[in-house]
Amino acid sequence: MLDPYRRRRGQVAQQRRTALVRARRARSMTQEDLAELLQVGLRSVKRWESGESTPYLSTRPAIAEALGVSVTALEAMLSEPEPVLPQAPEVDLALAPTLTVPAEAGLRAGLPVPRHVTAADAAQLDNVVSHLEQLDHTIGGRSASRTMAFAQLDMALACLRETAMSLTVRTQWMRVAARLARLCGFSSADAGQHTDAERSFRVALSIAREAGDVDGWLNIVCGMIRKSLQIGDLRRATELLGMAEAGQRPKSPMSACMLHAVRARVYGALGDDVRVLESIDRAEDWFAAGPSDADPAWLWYYDEPQLRGDTGHGLYPIAMQGRLVDEAAGRLRDAVSLHRPANARSIAFSTAKLATLTVMWGLSDAGPLVKQAIVAAEPVRSARLDEDLHDLAGALRRSGAVHDPAPLMAIRALLDRER
């Protein structure tokens, strides 16, 4: 009698490894191309993709590199032949009250739960989420907008548990609820509340998966990647990127653009110049193909300055090491000049990073940019921005060219306001 492991391998072998095929095609490679690159027989590649055999452990790093994914993502492709959406941890919606208003607010939301929900109600909630997202982009996570978002999430989850709605409306409502939970996760990460962020992201993943919302799911994973990079967890960021790349392709060109821009940020943190530039090229190719009717509502913010800022942030860690400085600075300058004033947080991020680079490498406009960064930071409440300001202060101290203590004193005042 076969042991459970061998039985499972037999079951897997009967199904085509679709995610593995998608990963190869995403690199514009034929089976022959991959076989030649890996210096293996064409039959081996065919057997891997059909599920008839599994690559030896010693060859998997080379396969992962050829496909542009992590080894962890490759393992998922080999063990899960048909991942419609990679599985997120199951979330019991009965526990939703523990995911509502942040603890520091000291109260429950108490929003009324309607007896019936219609498509118009779902559209109205989607509009509310758009406004809350804009507030988050303007003010940052350390603001009342985060508490308001959690209150709306409390109500949205209660409706999923208690309110009557048709199957079509339920799917629509779930997509909005997933978007809202993602906002709660992202704003919590921006506020430095990482426990709230992780739990909210997991709720968002679970709901998006059940709703079959591929692009929404990718947006949530990209938010989790950004959070992981924020706290310096490069291993987790790489695993999440592999998970995103192993899933279904985004339906929207702008979603694909966003994914490649986030990919650039991961490889920038890893110091991989070649893959950063490759990811930027792909992001810009996808951006040129959009927008389209397939773009979800939440992609309202992903415009040219957002792309320039994202890719500039991807290059930033490399530029801090003295490589690709002009490319990084140029993209950050574009982002600062092109962003709408309402996107105050993004402007503050890019300005602080740009000022840090100019101070670090003694560029001519360092002084004015430092002052500009301080002004841009004033209206924003963000733990991520505080980290950028710390970096700027450190660069000023190390430069040895600071004769005026005013910038350091202004930065200290900005950092002290949250204490």
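Reading guide: rules and limits
Residues numbered from 1 in each chain as written. Predicted model: local features only at pLDDT ≥ 70, side-chain atom pairs only at ≥ 80, totals over all residues. Heavy atoms only, no water. Helix = DSSP H or I, 4+ residues; strand = E, 2+ residues; numbered from the N terminus. Buried < 20%, exposed > 50% of the residue type's maximum accessible area, 1.4 Å probe, protein only. Contact = heavy atoms within 4.5 Å. Axes fitted to C-alpha atoms, helices over the stretch in contact; angles between N-to-C directions. Parallel < 35°, antiparallel > 145°, perpendicular 65-115°, else oblique. Left-handed = near helix turned anticlockwise from the far one by under 90°. Nonpolar A, V, L, I, M, F, W, Y, C, P; charged D, E, K, R; others polar. Expected span 1.5 Å × (residues − 1). Salt bridge = Lys/Arg side-chain N within 4 Å of Asp/Glu carboxyl O.

Draft legend 1. Region of interest: the overall build of the protein. Within the protein, the secondary structure is distributed over 20 helices and zero strands. By residue count, 51% of the 419 residues in the protein fall in the buried class. Of the contacts made within the protein by residues no fewer than 6 positions apart, 72% connect residues no fewer than 24 positions apart.

Draft legend 2. Region of the structure containing the packing of helix 15 (residues 304-319) against helix 16 (residues 325-338). Orientation of helix 15 relative to helix 16, taken along the N-to-C sense of each, is 150°, at an axis distance of 8 Å. Comparing the axis directions of helix 15 and helix 16 gives the class roughly antiparallel. For the pair helix 15 and helix 16, the crossing hand works out as left-handed. Residues Glu304, Pro305, Arg308, Gly309, Thr311, Gly312, His313, Leu315, Tyr316 and Ala319 of helix 15 form the contact with helix 16, whose own contacting residues are Val325, Glu327, Ala328, Gly330, Arg331, Leu332, Asp334, Ala335 and Leu338. In terms of residue class, the contact of helix 15 with helix 16 is built from nine nonpolar, five polar and five charged.

Draft legend 3. Representation of the environment of Thr195. Along the chain, Thr195 falls in helix 10 (residues 194-211). Between the alpha carbons of Thr195 and Gly185 there is a distance of 9.1 Å; along the sequence they are 10 residues apart.

Draft legend 4. Representation of helix 17 (residues 344-360). An ideal rise of 1.5 Å per residue puts 24 Å on 17 residues; helix 17 measures up with 24 Å between its terminal C-alpha atoms. Within helix 17, 16 of the 17 residues are buried, which leaves it mostly tucked inside the rest of the structure. Of the residues trailing helix 17, Gly362 is marked for its positive phi of about 65°.

Draft legend 5. View of the pattern of salt bridges. Tallied over the full model, the rule gives 28 salt bridges. Taking the shortest distance from any N to any O, the salt bridge between Arg308 and Asp334 comes out at 2.5 Å. Of this pair, Arg308 sits in helix 15 while Asp334 sits in helix 16, and the two are 26 residues apart along the sequence. Judged by relative accessible area, which is 18%, Arg308 ranks as buried. Counted as one network, the salt bridges with shared partners bring together Glu284, Arg308, Glu327, Arg331 and Asp334.

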